[in-house]
Structure formats: C-alpha cells, structure tokens
Amino acid sequence: MKVLVVGPGGREHAMITSLLRDPHVSEVHSAPGNQGIAQDVPVHPLNAQDPEAVVALARELGADLVVVGPEAPLVAGVADALTRAGIPVFGPSAQAARIEGSKAFAKEIMAAAGVPTARSVATTDLADVRAAFERFGAPYVVKDDGLAAGKGVVVTPDRDRAEAHARECLDAGGAVVVEEFLDGPEVSLFVLSDGENVVPLQPAQDFKRVRDGDQGPNTGGMGAYTPLEWLPEGFTDEVVRRVARPVIDELRRRGTPFVGVLYCGLAVTERGIQVIEFNARFGDPETQSVLAVLETPLGELLLDAAQGRLSERGELQWAPGASVTIVLAAHNYPGTPRKGDVITGLAEAAQDPDTWVIHAGTDRNGAGEIVSAGGRVLAVVSRGADLREARERGYRGMERITLPGSHYRTDIALVASEGRITVPGGQPGPGTTDAPGGTPGRTGAPTATTAEEQA
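Structure report, in brief. (Residues numbered from 1 in each chain as written. Predicted model: local features only at pLDDT ≥ 70, side-chain atom pairs only at ≥ 80, totals over all residues. Heavy atoms only, no water.)

Further remarks concern helix 14 (residues 387-398). Within an α-helix, residues lying three or four positions from one another point in the same direction, as the helix has 3.6 residues per turn. With 12 residues, helix 14 ought to run about 16 Å at 1.5 Å a step, and its terminal C-alpha atoms sit 16 Å apart, in line with that. Taken together, the buried residues of helix 14 touch strand 14 (223-226), strand 17 (322-329), helix 13 (346-349), strand 18 (355-359), strand 21 (376-384) and helix 15 (414-417). (Helix = DSSP H or I, 4+ residues; strand = E, 2+ residues; numbered from the N terminus. Expected span 1.5 Å × (residues − 1). Contact = heavy atoms within 4.5 Å.)

Here you go:
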C-alpha cells in the first residue's frame, strides 16, 4: 500500500521510519515533512491545516492510507474531508479530536464515562479561578482550554504566577481549566481505536523539564523510554478497562466515533490511576521510543484501525529489550531558539544499526548543509537488551553530533535503569528497589512539576 503521512516533525519521522520497515507498504510520502524525512521519502509542500489541499494531494498520489500526525489538522477537520472523499485516514474527526482541542470537553467526557481524573473547574471568570485555587491549594495547575502547542499549562507553587497565566488566557478570549495537582510517576499510553475496538501499545514515559534532575522550565519533551518495568502488573489492562474503552464508548454513543490513537497521559497516584490529559494523536517524543520496539507492521495496523478491523488483530509483537530517546535542543530552548546553526555528525551518530537519528526541527541552508530550524531539533533513538545498554548506545550517538549552543539531558531513563522508581504508597515497582523521591527522572524530593507536566 501507498501511505501519505501528514506533518512536519519528529513524530512523523518516527512513523515514517517504522512504515518503511513494513513489508506491506510499497511507498511512503510526506507532507510537508522536514529535511530528515526528505532523505528517506518524497516530501511535498502542503498546508496541513487545509482539508481540501490534503485531499487533493492524497488523490494525486493515489494514497491507500493517510496518517495525520499533528493535532491542529485534526481539529481543522482534515480527517473529515478525507473520509468524505472515500480515502482511508488514521486520525479522528474534528468533533472527536475535541478530546484534545478542549480540555473542558475532555473533562465532560471523563465525567460522563466515569474515568478517574483530577478534580477541576472550567471557567472564563477570574473569580472562579481564585476560588478554585482556594479549593485545590498549591501547587496550582492552570491550563489553557484550547490547543496551545504545548505551552498552555502552568504548574507552580507561586499563586501570583498561576493567576497571571489564567488572566493571560482569559484576556485572549479563551477559557481556562484549574485542576488539583496530581503527584506520582507519569505514564504515557497510546491506545489505537477503530471507533469501537481498542488496541493498546506499550507504555512509555517522557521527561518534560529542560535540565537534568527535572530542573528548569517545562518543554515539549526532552526524552523518553520504554518499557516501564516498574509499573504494577496489569497496568495496561486496567487503563484500557477504566480509561480508554469508556472514553471510546462515550464518544461513539455521542455519534462521534474516535478513529486513530488516543494518547492517555496518566499519573500513578495514591488514589490509583488518574488521567492528566488526552491527546488525539501520537505524542512526541514517546512515539520515537515505542515505535522503535514495535515489530508488528505499522502500516497494516493503522489501516486496520482506519477501516474498522482492529477486532481481527491479534496480540502485537514487540522487540525484546528497551528503547531510549534523547532530544537535542537548540540554543536558548525552551525560550526563543536560535536557528540556522549547522549540524554535523549525523551519519556518524547512526552508524550503529540499533541507533537512529529522528529529525524534528531541521532545514538546509544555501550551501546544502543541515541546519537547526526549531527548538527541539532532533532525537537520537536507540535500542538495547535493557535500559542501560539502550542509554549507552543513545548517548554514544548523541556525542557524535555537533550543533553550536545546543543542549540535551544526560539523565534520560537513568533512574529507571538503576531501579530507583517507587510507586505511590512506598512500594517499589517490579524489579526496582526503594529510593527517596519516588518519582521517575528525579534525584531528590518531588517538586511541583511531576505528573501535571505531561499536559
């Protein structure tokens, strides 16, 4: 089959890398893609948020399946237009994508479906925000209700800062959601859906803070790893039973079946599993790690979801061992990143057959050199027999790359690889040992930046 992947970033490059391993996929195209993707498959200029333009390109290419990567095209109705045109699409309708496009709507769905989540207040009134602060206490969690490209959430013990963020959202004409703070390890679980049936992938964990030890400002994600051997037995089954299936059932009941991948951002708390947020697409950088160890052919799997055949799908196959993803960020990220710096060492970094370089924010200059063109520039993804080996390979590859002024975290998956993650209640997860702190990726006591950073 011929597949068109819509989107420009690392998530799309990871999907394309996996699709190229699928023997059922004869051809992959990307729009608009990036410079790393362009080295692997044909790329096409495209306004990904223009539904009719996406349909026209899919028809021109004769695509058998369109995979929509980012959230904005989904909310803009790209999947709806493709469905009307009779083109199989992996990605939810605009109405179903509201599960990510509006946090208030997501809370409404969870309440109707009985899904465990943080207490919250959705409002357009600053007085309600202040009342919620009194009710929930610190740390304060304030979320822009709509899509905010990963920049709409503030988690802070500073009430003035929290109120300032709420006021900024309200002054822009939007609504805000104020939540109680959820402490505990964060987990990302992707669940594929054909509108009725669900198939979970392998859980992963990402790292939001910019510096080692979960210090510094929030980012879009500085790394990830899978599997999470510290999770309690039966964790994935419980998430499917208590979270994913009830949400998929509720959306179908409302006449807006969800076809695509439901990203479940979760916290493992003393009250059990709690939902932090939902996304209507694969998350970045967890996708890079999860797809690196998925052995079931991806194209066939996504087409089954698009065409309502997930019930025929047997157990997914996974490579043994672990995968680690390390993100290289541009100078000054997560502030305004510097662009145009030349990147070298990319071929050397990928010499190991179990190591890949996944591009996110890259371009070419007039001399034909690969240069930085965004905040999170690229990621090194590696596999190993265990987390220790995957980390060693990944950091060995990263050390071969040069980008002036760039930075990356040196502790991705470190605490997990050393067996130092503790689940709430003081009980270590399977294969781990007890340690102070109790939250993954942290070397000391938990701060006001744990589970809620997933949002």
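Moving on from the model shown.
Attention now moves to the packing of aromatic side chains. Per the stated rule, a full pass over the model turns up six aromatic pairs. Ring centres of Phe207 and Tyr225 lie 6.0 Å apart, and the angle between their planes is 45 degrees; this geometry places the pair in the tilted category. Taken together, the positions of Phe207 in the loop between strand 11 (205-206) and strand 12 (209-211) and Tyr225 in strand 14 put the pair 18 residues apart, joining distant regions of the chain. For Phe207, a relative accessible area of 3% translates into the label buried. Measuring from centroid to centroid gives 6.1 Å for Tyr395 and Tyr408, while their planes differ by 35 degrees, and the two rings are tilted. Of this pair, Tyr395 sits in helix 14 while Tyr408 sits in the loop between helix 14 and helix 15, and the two are 13 residues apart along the sequence. Ring pairing ties together the aromatic residues Phe90, Phe190, Tyr263 and Phe282, which thus form one cluster. Its end group placed over the ring of Phe105, Arg98 keeps NZ or CZ at 4.1 Å from the ring centre. (Phe/Tyr/Trp six-rings, centres within 6.5 Å; stacked < 30°, edge-to-face > 60°. Buried < 20%, exposed > 50% of the residue type's maximum accessible area, 1.4 Å probe, protein only. Lys NZ or Arg CZ within 6 Å of the ring centre and 35° of its normal.)

With that out of the way, let us pick up the sheet that holds strand 7 (residues 153-156). Read from one edge of the open sheet, four strands run 5-8-6-7, paired in antiparallel fashion. Each of the sheet's edge strands pairs with one partner strand only, and the pair in question is strand 5 (120-123) and strand 7. Between one strand axis and the next, the sheet turns by 15 degrees as a mean value, whatever way the strands run. The pairing of strand 5 with strand 8 (residues 176-179) spans four bridges and is classified as antiparallel. When the sheet's bridge partners are listed, Ala122 is paired in strand 8 with Val177. Here helix 9 (residues 159-171) sits on the sheet and contacts strand 5, strand 6 (140-144), strand 7 and strand 8; the angle it forms with strand 6, its principal contact strand, is near 15 degrees. (Pairing = 2+ DSSP bridges. Axes fitted to C-alpha atoms, helices over the stretch in contact; angles between N-to-C directions.)

To continue, consider unusual backbone geometry. A cis amide bond links Asp284 to the next residue, Pro285, at an omega of 20 degrees. Tracing the backbone through its elements, the reader meets Pro285 in the loop between strand 16 (272-279) and helix 11 (286-292). Note that the residue after Tyr333, namely Pro334, is joined by a cis bond; omega there is 15 degrees. Turning to its location among the elements, Pro334 is positioned in the loop between strand 17 and helix 13. The backbone of Asp214 shows a phi angle near 55 degrees, a positive value even though the residue is not glycine.

Glancing now at the sheet that holds strand 17. With antiparallel pairing, five strands are arranged side by side in an open sheet as 11-14-17-21-18. The sheet terminates laterally at strand 11 and strand 18, the two strands that pair on one side only. Of the pairings in the sheet, the one linking strand 11 to strand 14 comprises two bridges and is antiparallel in character. Looking at the pairing, Gln205 lines up with Tyr225 of strand 14. Sheet strands touched by helix 14: strand 14, strand 17, strand 18 and strand 21. Its angle to strand 17, the strand with the most contacts, is close to 30 degrees.

Another point: the nonpolar core. Among the nonpolar cores identified, the biggest contains 79 residues, and Leu82, Tyr225 and Ile401 are the most heavily contacted of them. Examining the composition of this core, we find that eight residues originate from one element, helix 10 (residues 235-253), more than from any other. Ignoring sequence-local partners within four residues, the contact set of Ile401 consists of Leu328, Ile343, Thr344, Gly345, Leu346, Ala349, Val357, Leu378 and Val380. Val3, Leu192, Leu201 and Leu302 belong to the second-largest nonpolar core, a separate cluster that totals 31 residues. (Core = buried A, V, L, I, M, F, W, Y, C linked by side-chain atoms within 4.5 Å.)

What follows concerns the pattern of salt bridges. For the structure shown, the criterion picks out 29 salt bridges. Its salt-bridge partner being Glu163, residue Arg167 comes within 2.9 Å of it at the nearest N-O pair. Here the residue Arg167 and the residue Glu163 both occupy positions in helix 9, the gap between them amounting to four residues, near one helical turn. Accessibility expressed as a relative area gives 33% for Arg167, which makes it partly exposed. Under the relative-accessibility criterion, Glu163 is labelled buried at 13%. Overlapping salt bridges, with partners in common, bring together Asp352, Asp354, Arg383, Glu389 and Arg393 in one network. (Salt bridge = Lys/Arg side-chain N within 4 Å of Asp/Glu carboxyl O.)

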